[in-house]
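Chain by chain, the residues run as shown.
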Amino acid sequence: MPLAVYILGLSVFALGTSEFMLSGLLPPIADDMGVSIPQAGLLISAFAIGMVVGAPLLAVATLRLPRKTTLVALITTFGIGQVAGALAPSYGILFASRVVSALACAGFWAVGAAVAIAMVPPGARARAMAVMIGGLSIANVLGVPAGAFLGEHLGWRSAFWAVGAASAIALVGVVTRIPNIPLPARKPALRRELTIYRDRQVWLAVVVTALAAGGVFCAFSYLAPLLTDVAGLDSGWVPTVLALFGVGALVGTTVGGRVADAHLFGVLLSGISGSTVLLAALALLGGSPVAAVALSFLLGVTAFYTAPALNARMFNVAGAAPTLAGATTTAAFNLGNTGGPWLGGTVIDAGLGYPATAWAGAAMTLVALAAVGVALRLHRREKGGAPSRIVMGATTDATAGTPVVDAAAGQPVGGAAAGQQVGGAAAGTPVTGAVPGAAPGVASGGAAPRP
């Protein structure tokens, strides 16, 4: 895996820490800003909504800009947003800084995913995405607890300064290690890229991603009160259990990234099924401290086990528009991260109790599972009855118009001349075996049927 992909993962660590750390900082922020905890909680909602809106908007706005330049601008803006938050004299300015940071975060995710995909052959897409998502997993294991520790001992503003420093380190890595990806011979056109939304498989991928993420976070968002009020654990256990969820997420991302390249639908079906079973078990056994802790860890595994496959699936079905594919995936995940907690709060307000959030989450993942089944059936029909085992190396180049780049040399992979597309998609002539990992005799441009 190119070093540049790990630099993107480091950047995502900073982004993810900022996104999730506020859950442990709401009381001191509310006290310092003179607002209620629910008002302080709107800072979390603002970030999620900014991610949903910002991903497609910034993907469109930066469509024709050099991707490295775009990444530099976005991580710089994100870092400035953290500094502004640390210095914010009022709630309004802090709120605005969160919105700006969310927009930059969303854009970086979308463009960064497209860059990661462009730097590896098709057979390594899910592994590349696993590295990026691994940065988010480590943020949950280390970054979020560290932010809570800093907030408790040095004040909540220190956590923002720490993320700002991490953003500066990520900026150095992006500037020095991300290659200049050659622009495709055919310039990206918004109208052409928007045609991906005519494909029902794209919308099925959005539905699966949003519901799979939303189902897990419907319960996870209220895990702390479930642990203390239902399982009877002391509040001091909450950070430990959250860290265990993060460790599970890291394990799931690592395993899922290795398996998904060859068994994409298998990962989706098994992972979402696993999350459904675990959520139902959490609803039934949440009163047992041992069961609640163990299920929290396992839920982290299954939730993030599917994440590389969810990302890779979108790039497969929307390969003609890689930047919009990344933006759409980012928006879909954050739709789930917004809708899931809302549904969980609704069932709690209805007096159904904290275990009901797990039942509601299981209902969401069941619908996601049904959507995967529909997508698989359509895929088999399009493939003429091909088996469900998905060999990623034999699929269409996800960047569709963007060369696959050797991150070390900054040159296209597969011997293509600089500035030329792999697979000759611009000329409409596929090049057999141009991408490493493609099956012999399989065209790597737009010719091979996509998964």
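About the criteria used
- Residue indices follow the written sequence of each chain, beginning from 1 at its first position.
- Totals for whole chains, interfaces and linings use all residues, but because this is a predicted model, local features are given only for residues with pLDDT of at least 70 and pairs of side-chain atoms are given and counted only at 80 or more.
- Each side-chain value is worked out from all heavy atoms of the structure, with water and hydrogens disregarded.
- Secondary structure counts use DSSP, requiring at least four H or I residues in a row for a helix and at least two E residues in a row for a strand, with both numbered from the N terminus.
- Only protein chains enter the accessibility calculation, which uses a 1.4 Å probe; a residue is then buried when its area is under 20% of its type maximum, exposed when over 50%, and partly exposed in between.
- The criterion used for residue contact is that any of the two residues' heavy atoms lie within 4.5 Å.
- Reported accessibility uses the Shrake-Rupley method at a 1.4 Å probe radius. Residues are deemed covered only where the shown protein chains occlude them.
- One fewer than the residue count of a helix, multiplied by 1.5 Å, yields its expected span.
- Working definition: rings of Phe, Tyr and Trp (its six-membered ring) pair if their centres are within 6.5 Å, and the pair is stacked with planes under 30 degrees apart, edge-to-face with planes over 60 apart, and tilted otherwise.
- Under the convention used here, Asp and Glu are negative, Lys and Arg are positive, and both His and the chain ends fall outside the count.
- Criterion for a salt bridge: a side-chain nitrogen of Lys or Arg within 4 Å of a carboxyl oxygen of Asp or Glu.
- Side-chain atoms within 4.5 Å are what join buried Ala, Val, Leu, Ile, Met, Phe, Trp, Tyr and Cys residues into a set we call a nonpolar core.
- For helices, the axis comes from a line fit to the C-alpha atoms of the stretch in contact; other axes are also lines fit to C-alpha atoms, and the angle between any two N-to-C directions lies between 0 and 180 degrees.
- Any angle that is under 35 degrees is reported as roughly parallel, and any over 145 degrees as roughly antiparallel; angles of 65 to 115 degrees are reported as roughly perpendicular and all others as oblique.
- It is the rotation of the near helix from the far one that decides the hand of a crossing: anticlockwise by less than a right angle makes it left-handed, clockwise makes it right-handed.
- Note that Gly is not counted as nonpolar here; it falls among the polar residues with everything else outside the nonpolar set of Ala, Val, Leu, Ile, Met, Phe, Trp, Tyr, Cys and Pro and the charged set of Asp, Glu, Lys and Arg.
- The patches described consist of residues with a relative accessible area above 30% and no salt bridge, like charges being joined within 9 Å and nonpolar side chains (Val, Leu, Ile, Met, Phe, Trp, Tyr) within 5 Å.
- What pLDDT reports is the predictor's confidence in each residue, on a scale of 0 through 100.

*Asks:* Run through the overall build of the protein, naming residues and quoting values.
*Replies:* Secondary structure assignment for the protein yields 16 helices and two strands. Across the 451 residues in the protein, those meeting the buried criterion constitute 57%. Looking at the protein alone, contacts between residues at least 24 apart form 81% of all its contacts between residues at least 6 apart. Accessible surface for the protein amounts to roughly 17000 Å². Of this, 68% is attributable to carbon and sulfur atoms.

*Asks:* Any details on helix α1 (residues 3-20)? Residues and values, ideally.
*Replies:* In this model α1 runs 26 Å from its N-terminal to its C-terminal C-alpha over 18 residues, within 8% of the 26 Å that 1.5 Å per residue would give. For α1, the tally of buried residues reaches 14 of 18 residues, placing the bulk of the element in the interior.

*Asks:* How would you summarise the packing of aromatic side chains if you had to cite specific residues and measurements?
*Replies:* Summed over the entire model, instances satisfying the criterion amount to seven aromatic pairs. For the pair Tyr197 and Trp203, a centre-to-centre distance of 5.7 Å together with 45° between the ring planes defines the contact as tilted. Ring geometry for Phe217 against Phe220: centres 5.5 Å apart, planes inclined by 85°, an arrangement best described as edge-to-face. With Phe217 and Phe220 both in helix α9 (residues 200-220), this residue pair falls three residues apart, about one helical turn.

*Asks:* A description of the side chain of Glu19 should follow, citing residues and the corresponding values.
*Replies:* By secondary structure assignment, the location of Glu19 is in helix α1. Buried charge without a salt bridge: Glu19, with Arg98 as the nearest opposite-charge side chain at an N-O distance of 7.7 Å. Not counting chain neighbours up to four residues away, the residues in contact with Glu19 comprise Phe47, Met51, Arg98, Asn334 and Asn337.

*Asks:* Please provide a residue-by-residue account of the nonpolar core, values included.
*Replies:* Ranked by internal contacts, the top residues of the largest apolar core, which has 128 residues, are Leu8 and Trp109. Among the elements that take part in this core, helix α5 (residues 91-118) stands out by supplying 15 residues, more than any other.

*Asks:* Hey, could you go over the packing of helix α6 (residues 125-154) against helix α7 (residues 156-177) for me, with residue numbers and the actual values?
*Replies:* For the pair α6 and α7, interaxial distance at closest approach is 6 Å and the crossing angle is 135°. By the angle between their axes, α6 is oblique relative to α7. The hand of the α6/α7 crossing is right-handed. Contacts from Gly147, Leu150, Gly151 and Leu154 in α6 reach Trp156, Ser158, Ala159 and Ala162 in α7. Tallied by class, residues from the contact of α6 with α7 come to five nonpolar, three polar and no charged.

*Asks:* Just give me the short version of a nonpolar patch on the surface, but keep the residues and values in it.
*Replies:* A contiguous nonpolar surface patch, about 310 Å² in accessible area, is contributed by Met1, Leu3 and Tyr6. Exposure remark for Tyr6: the relative accessible area of 45% places this residue in the partly exposed category.

*Asks:* Just give me the short version of the environment of Gly50, but keep the residues and values in it.
*Replies:* Position of Gly50 relative to the elements: it lies in helix α3 (residues 37-61). Separated by 51 residues in sequence, Gly50 and Ser101 have C-alpha atoms that sit 8.3 Å apart. Among all residues touching Gly50, those that are not within four sequence positions of it are Ala55, Ala102, Leu103 and Ala106.

*Asks:* How would you explain the environment of Leu142 if you had to name every residue and give the values?
*Replies:* With respect to the secondary-structure elements, Leu142 resides in helix α6. When the C-alpha positions of Leu142 and Gly246 are compared, they lie 8.3 Å apart, and in sequence the two are 104 residues distant.

*Asks:* Mind laying out the confidence of the model for the protein, listing which residues take part and the relevant values?
*Replies:* Parts of the prediction with low pLDDT should not have their coordinates interpreted in detail. Overall, the predicted model of the protein reaches an average pLDDT of 78, with 81% of residues at or above 70. When the criterion is pLDDT under 50, residues 385-451 qualifies, and its contacts beyond four places in sequence or with other chains add up to 167 contacts.

*Asks:* A description of the side chain of Thr276 should follow, citing residues and the corresponding values.
*Replies:* For Thr276, the location among the structural elements is in helix α12 (residues 264-285). Ignoring anything within four residues of it in the chain, the contact list for Thr276 reads Ala362, Thr365 and Leu366.

*Asks:* Lay out the packing of α6 against helix α11 (residues 238-260) with the relevant residues and their values.
*Replies:* Axis separation between α6 and α11 bottoms out at 8 Å; the angle between their running directions is 175°. The orientation of α6 with respect to α11, classified from their angle, is roughly antiparallel. Where α6 abuts α11, its residues Ala126, Arg127, Ala130, Ile133, Gly134, Ser137, Ile138, Asn140 and Val141 lie against Ala243, Gly246, Val247, Ala249, Leu250, Thr253, Gly257, Arg258 and Ala260. Looking at side-chain class alone, the contact of α6 with α11 contains 10 nonpolar, six polar and two charged residues.

*Asks:* Please provide a residue-by-residue account of the environment of Gly112, values included.
*Replies:* Summarising the element assignment, Gly112 is placed in helix α5. Spatially, the C-alpha atom of Gly112 lies 8.1 Å from that of Gly326, the residues being 214 residues apart in sequence. The residues touching Gly112, leaving out its near neighbours within four places in the chain, are Leu8, Leu71, Gly107 and Met132.

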